[in-house]
Amino acid sequence: MKKLVIIGATLIGSTIFCAIPVSLHVSPGAAVSVALDTADARVGRPGTPASVAGVARRTTRRAVRHCAAGVTC
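About the criteria used
- Residues numbered from 1 in each chain as written.
- Predicted model: local features only at pLDDT ≥ 70, side-chain atom pairs only at ≥ 80, totals over all residues.
- Heavy atoms only, no water.
- Helix = DSSP H or I, 4+ residues; strand = E, 2+ residues; numbered from the N terminus.
- Buried < 20%, exposed > 50% of the residue type's maximum accessible area, 1.4 Å probe, protein only.
- Areas by Shrake-Rupley, 256 points an atom, 1.4 Å probe, with all protein chains shown as cover.
- Pairing = 2+ DSSP bridges.
- Expected span 1.5 Å × (residues − 1).
- Patch = residues over 30% accessible without salt bridge, like charges linked within 9 Å, V, L, I, M, F, W, Y side chains within 5 Å.
- Salt bridge = Lys/Arg side-chain N within 4 Å of Asp/Glu carboxyl O.
- Contact = heavy atoms within 4.5 Å.

S.K.: Any chance you could explain the overall build of the protein here in plain terms?
M.R.: Counting its secondary structure elements, the protein contains two helices and two strands. The order of α-helices and β-strands along the protein, N terminus first, is α-β-β-α. Taken across its 73 residues, the protein has 4% of its residues classed as buried. Element-wise, carbon and sulfur atoms account for 69% of the exposed surface of the protein, whose accessible area totals about 6,500 Å².

S.K.: I would appreciate a short explanation of the pairing of strand E1 (residues 22-26) in the present structure.
M.R.: On a regular strand, each side chain points to the face opposite its neighbour's, so the side chains alternate between the two faces of the sheet. Here E1 runs beside strand E2 (residues 32-36); their pairing, made up of five bridges, is antiparallel. Residue pairing in the sheet places His-25 in a bridge with Ser-33 of E2. In textbook terms, the turn of a hairpin is the stretch between consecutive antiparallel strands, and for E1 and E2 this stretch comprises five residues, one of which, Ala-30, has a positive phi near 65 degrees.

S.K.: Help me understand helix H1 (residues 2-19), please; the structure alone is not making it clear to me.
M.R.: Residues that lie three or four places apart on an α-helix share one face, since the helix turns once every 3.6 residues. The end-to-end C-alpha distance of H1, which contains 18 residues, comes to 26 Å, matching closely the 26 Å that a straight helix rising 1.5 Å per residue would cover. Taking burial as the measure, the 18 residues of H1 include zero buried ones, a minor fraction of the element.

S.K.: Can you help me understand a nonpolar patch on the surface in this one?
M.R.: On the surface, Ile-12, Ile-16, Ile-20, Val-22, Leu-24, Val-26, Val-32, Val-34 and Leu-36 cluster together into a nonpolar patch covering about 900 Å² of accessible area. Looking at the secondary structure, you find Val-32 in strand E2. Residue Val-32 is classed as exposed on the basis of its relative accessible area of 57%.

S.K.: Any chance you could explain the environment of Pro-21 here in plain terms?
M.R.: With respect to the element layout, Pro-21 can be found in the loop between H1 and E1. When the C-alpha positions of Pro-21 and Thr-38 are compared, they lie 7.3 Å apart, and in sequence the two are 17 residues distant. Dropping the residues within four chain positions of it, Pro-21 is found in contact with Ala-35, Leu-36 and Asp-37.

Written as structure tokens, this is what we have:
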């Protein structure tokens, strides 16, 4: 039973450790610091071609051009 508790505590601890975005930094003076990481999930500004708004704008322009030219509507 004691072994099961140790395994469970290890699994819970490792799950929490993996879920929190933390990184360890070692300075030249051998001091260790812990930093909380942040994530930026932005692809680009709305005007850039890789952003969702840029892709939507480009496909709309293509559809309007094709419809005006009589290709597809």
